[in-house]
Amino acid sequence: MTKRWKQRPPGSTWGDWGEDDELGRINLLTPEKVLQGVREVEHGISFSLSLPLDYPGGSELNQRRYPPILRPTEDLEHKQDVFYNIKAREHFSPHLRDVWSDDVLTLWLQYSTQWDALAHQGQEFDADGDGVEEAVYYNGYRADTDIVGPQEDAKGDGSGTLGFARHLGLEHMAEHGVQGRGVLVDLAHHLGNTWQPVNLKTLQEIMAADNIVVEPGDMLLLHTGFDTAVMAWGKNPDPVGIHTTASYLDAFDPALLEWIAESQISALVSDNYAVEGVGVGPEDNTPHSLLPIHNLCLFKLGVPLGELWYLEKLAAWLREHDRSRFLLTAPPLNLPGTQGSPLTPVATV
């Protein structure tokens with residue numbers, strides 16, 4: 001029993017790594033798991049698995065998320081947006097020949113290639129065992145107490161922060177290090193770019209055809225081909241196609257959810273928008289989750305989700321060499337309190 005909850009969701013891992021755990025299954029990335037990843041390196045070839053962070057372009061994919069905005073910083077007199085192509089001889093001394101530029105970034109953290117934090121999705125659940133549901137996140141961390149906002153000075157340091165995950169932010173993953181063995185399943189090779197759900201039966205058939213084995217602690221990556229479409233649109237995505245291109249995991253297949261739980265994967269990654277389909281479930285008038293895989297992974301199991309990764313070139317190389325495993329290095333930004341983080345993952349083969 002922990003301090004924050006008296007009962008945990010059925011099938012969850014709450015408390016398995018201690019009452020204050022904030023890593024979830026990232027705990028499975030042990031030194032031995034890192035060594036397993038290192039042993040997959042034979043050629044010394046690295047693949048960047050990040051889209052350019054100004055892709056997919058526009059806000060068709062999610063109207064709350066916008067492309068990054070760059071602008072110059074202020075100058076030494078606090079004039080805003082001017083410190084760019086600054087000639088030192090004009091501003092500091094006629095004897096200097098330096099030219100400087102400096103910039104600031106406004107970045108929606110889940111716009112492009114990203115990790116979802118365990119603080120990203122919780123559930124109303126009776127963690128206290130008193131018959132009243134509370135808004136809670138993984139391992140019983142509480143809305144408004146542990147994941148704070150929107151409110152003035154949510155961080156408590158006078159910085160102006162309006163929302164802050166005092167627990168379950170991605171800085172914990174960053175500090176632990178996200179490195180180990182990655183395993184890629186190439187759904188696109190078998191299914192093309194048709195918008196369709198992938199249930200456990202289909203997933204296992206593809207894995208068997210490609211001789212893929214997933215073991216505890218592995219980070220599982222799914223190549224659907226969505227990344228290829230995103231790049232082809234060139235930051236001008238088709239407003240219909242961006243929601244109906246390539247395959248996705250069938251979150252309404254109970255057998256698939258059970259497999260994700262029993263597989264003990266440490267992370268689940270896809271090149272598509274949400275790993276699962278958004279808004280594709282059957283009508284249900286009983287209490288349920290809009291995104292069952294997000295609910296299972298982030299809320300119950302502590303499995304971080306990677307979305308919008310660029311996997312096309314890695315998938316092609318692995319197929320050409322009859323491989324599916326590699327060393328994956330994928331830490332998020334060490335920025336405390338975030339719900340998500342951009343990153344530039346690297347696969348080494």
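See the structure above.
Thresholds applied
- Residues numbered from 1 in each chain as written.
- Predicted model: local features only at pLDDT ≥ 70, side-chain atom pairs only at ≥ 80, totals over all residues.
- Heavy atoms only, no water.
- Pairing = 2+ DSSP bridges.
- Helix = DSSP H or I, 4+ residues; strand = E, 2+ residues; numbered from the N terminus.
- Axes fitted to C-alpha atoms, helices over the stretch in contact; angles between N-to-C directions.
- Contact = heavy atoms within 4.5 Å.
- Patch = residues over 30% accessible without salt bridge, like charges linked within 9 Å, V, L, I, M, F, W, Y side chains within 5 Å.
- Areas by Shrake-Rupley, 256 points an atom, 1.4 Å probe, with all protein chains shown as cover.
- Salt bridge = Lys/Arg side-chain N within 4 Å of Asp/Glu carboxyl O.
- Buried < 20%, exposed > 50% of the residue type's maximum accessible area, 1.4 Å probe, protein only.
- Core = buried A, V, L, I, M, F, W, Y, C linked by side-chain atoms within 4.5 Å.
- Phe/Tyr/Trp six-rings, centres within 6.5 Å; stacked < 30°, edge-to-face > 60°.
- Lys NZ or Arg CZ within 6 Å of the ring centre and 35° of its normal.
- Polar contact = N/O pair within 3.5 Å; in protein donor to acceptor, adjacent residues only side chain to side chain.

Some words on the sheet that holds strand β13 (residues 219-223)
Here is step 1 of the chain: The sheet built from nine strands is open, its strands ordered β1-β19-β17-β11-β13-β15-β16-β6-β18 with mixed pairing. Of all strands in the sheet, those bounded by a partner on one side alone are β1 (46-48) and β18 (340-342). On average, each strand axis in the sheet is tilted by 25 degrees relative to the strand beside it, whichever way the strands run.
Here is step 2 of the chain: Sheet topology places strand β11 (residues 179-186) next to β13; five bridges connect them, and they run parallel. Looking at the pairing, V183 lines up with L220 of β13.
Here is step 3 of the chain: Against the sheet, helix α1 (residues 31-38) makes contact with β11 and β17 (325-329), and its axis sits at roughly 55 degrees relative to β11, the strand it touches most.
Here is step 4 of the chain: Lying over the sheet, helix α8 (residues 292-301) contacts β6 (114-116), β15 (267-270) and β16 (305-307), oriented at roughly 130 degrees with respect to β16.

Let's talk about a nonpolar patch on the surface
Here is step 1 of the chain: Residues L76, F92, L96 and W100 make up a contiguous nonpolar surface patch of about 390 Å² in total accessible area.
Here is step 2 of the chain: As for its placement among the helices and strands, F92 is situated in the loop between α2 (88-91) and β4 (99-100).
Here is step 3 of the chain: Overall, the relative accessible area of 38% leaves F92 in the partly exposed class.

Some words on the pattern of salt bridges
Here is step 1 of the chain: By the definition in use, this model includes 17 salt bridges.
Here is step 2 of the chain: Put simply, E90 and R89 hold a salt bridge, and the shortest N to O gap is 3.9 Å.
Here is step 3 of the chain: E90 gets classed as exposed once you look at its relative accessible area, which sits at 51%.
Here is step 4 of the chain: By relative accessible area, R89 is classed as partly exposed at 43%.

Regarding the nonpolar core
Here is step 1 of the chain: Ranked by size, the top nonpolar core spans 42 residues in total, and within it V185, L203, W259, I260 and L268 carry the most contacts.
Here is step 2 of the chain: Of all the secondary structure elements, the ones that give two or more residues to this core are β11, α4 (187-191), α5 (200-209), β13, α7 (254-263) and α8.
Here is step 3 of the chain: It is α8 that contributes the most residues to this core, six residues altogether.
Here is step 4 of the chain: Setting aside anything within four residues of it in sequence, one finds V185 in contact with L203, I206, M207, I212, L220, L221, L222 and H223.
Here is step 5 of the chain: L29, L49, W309 and L318 belong to the second largest nonpolar core, which has 27 residues in total.

Side note on the packing of aromatic side chains
Here is step 1 of the chain: Using the criterion set out here, one finds nine aromatic pairs in the structure.
Here is step 2 of the chain: Taken together, a centroid distance of 5.4 Å and an interplanar angle of 85 degrees make the contact between W14 and F299 edge-to-face. Remark: F299 occurs in helix α8 and W14 occurs in the segment before α1; sequence separation between them is 285 residues.
Here is step 3 of the chain: The exposure class assigned to W14 is buried, which follows from its relative accessible area of 1%.
Here is step 4 of the chain: Put simply, the rings of W5, W14, F125 and F299 pair up and form one aromatic cluster.
Here is step 5 of the chain: In this structure, R4 packs its charged tip against the face of Y141, placed 3.8 Å from the ring centre.

A short note on the side chain of D218
Here is step 1 of the chain: Residue position: D218 is located in the loop between α5 and β13.
Here is step 2 of the chain: A polar atom in the side chain of D218 sits 2.8 Å from the backbone nitrogen of E215.
Here is step 3 of the chain: Residue contacts for D218: discarding those within four places in its chain leaves K33, Q36, R181, V183, V213, I265, S266, A267 and R325.

Some details on the environment of P331
Here is step 1 of the chain: For P331, the position within the fold is in the loop between β17 and β18.
Here is step 2 of the chain: In sequence terms P331 and R65 are 266 residues apart; their C-alpha atoms lie 22 Å from each other.
Here is step 3 of the chain: Those residues in contact with P331 that lie beyond four places of it in its chain are W115, V178 and L343.

Keep in mind these numbers describe shape, not what the thing actually does.
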